[in-house]
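As a plain string of letters, each chain reads:
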Amino acid sequence: MSKTHVKMTVNGKAVEALAEPRTLLIHFLREELNLTGPHIGCETSHCGACTVDIDGKSVKSCTVFVGQAEGADVTTIEGIAQPDGTLHAVQEAFRQHHGLQCGFCTPGMITRAWRLLQENPNPSEEEIRFGISGNLCRCTGYQNIVKAIQAAAEELSVKEAAE
């Protein structure tokens, strides 16, 4: 199959490459761009390990063709931290509140939580649980994940009030 030219912005950087149109975005990110943060889990959009942010929406990159991301602004777990490597409040909260578990679901969970807190800066526990319901933790560590998201929401609220 012939390759097509794709352009998009990934983690704030313009990216151009040739790719087969049927290439899944998760494979393009991992194999062409060496962004291995998003994980390949179920490849059927059930687990959310591959969650990335595309144009302000959480998307499971195992169900998106690279051509569908043409011109899009894509953020992966690697793009959430500050350029100097300082962890984002969500990443730091996952670390501090033991939301990491085995770590397989963590990139997708954090990416989804990052978007959730932009959509709803002060979510209730129920809203958090609903908001991350498309992401599965096989360690079943949801309580610590919810605590981490609550802590991140509080930290972000304090930072915003200080600005």
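Basis of the calculations
- Residues numbered from 1 in each chain as written.
- Predicted model: local features only at pLDDT ≥ 70, side-chain atom pairs only at ≥ 80, totals over all residues.
- Heavy atoms only, no water.
- 1 Å grid on protein atoms, 1.4 Å probe; cavity = no way out; pocket = protein on both sides within 12 Å on 5 of 7 lines; lining within 4 Å.
- Points joined across faces, edges and corners; volume = space filled by probe spheres on them.
- Nonpolar A, V, L, I, M, F, W, Y, C, P; charged D, E, K, R; others polar.
- Helix = DSSP H or I, 4+ residues; strand = E, 2+ residues; numbered from the N terminus.
- Buried < 20%, exposed > 50% of the residue type's maximum accessible area, 1.4 Å probe, protein only.
- Polar contact = N/O pair within 3.5 Å; in protein donor to acceptor, adjacent residues only side chain to side chain.
- Contact = heavy atoms within 4.5 Å.
- Core = buried A, V, L, I, M, F, W, Y, C linked by side-chain atoms within 4.5 Å.

**Details of empty space enclosed by the protein**
In the structure shown here, the tally under the stated rule is 1 cavity of 30 Å³ or more. The computed volume of the largest cavity comes to approximately 40 Å³. Lining the largest cavity we find Ile26, His39, Ile40, Gly41, Cys42, Glu43, Cys47, Cys50 and Cys62. Each residue belonging to the lining of the largest cavity can be placed in one class, and the counts come to 6 nonpolar, 2 polar and 1 charged.

**Observations concerning the environment of asparagine 120**
Along the chain, asparagine 120 turns up in the loop between helix H3 (106-119) and helix H4 (125-131). Asparagine 120 gets classed as partly exposed once you look at its relative accessible area, which sits at 22%. Considering only alpha carbons, one finds asparagine 120 and glycine 131, 11 residues apart in sequence, at a separation of 9.6 Å. A polar contact is formed between the side chain of asparagine 120 and the side chain of glutamate 127, at a distance of 3.1 Å.

**Describing helix H1 (residues 25-32)**
Within the sequence span of H1, burial applies to Leu25, Ile26, His27, Phe28 and Leu29. Residues of H1 that are buried in the fold lie against strand S1 (4-10), strand S2 (13-19), strand S3 (51-54) and strand S5 (73-75). Phi for asparagine 34, located one or two positions after H1, is positive at around 55°.

**Overview of the layout of surface pockets**
Volume-wise, the largest pocket comes out at about 200 Å³. Considering the residues around the largest pocket, the lining is formed by His88, Trp114, Leu117, Gln118, Pro121, Ala153, Leu156, Ser157 and Glu160. Examining the composition of the lining of the largest pocket, we find that 4 residues originate from one element, helix H5 (residues 142-162), more than from any other. Residue composition of the lining of the largest pocket, by class: 5 nonpolar, 3 polar and 1 charged.

**Let's talk about the nonpolar core**
One finds Val90, Phe94, Met109, Ile110, Leu117, Ile145 and Ile149 to be the most contacted residues of the largest nonpolar core, which totals 21 residues. Counting only elements with at least two residues in this core, the list comes to helix H2 (89-96), H3 and H5. Apart from residues lying up to four places away in sequence, isoleucine 149 is in contact with Phe94, Ala113, Leu116, Leu117, Ile128 and Ile132. Among the nonpolar cores identified, the runner-up in size contains 17 residues, and Ala17, Leu25, Phe28 and Ala69 belong to it.

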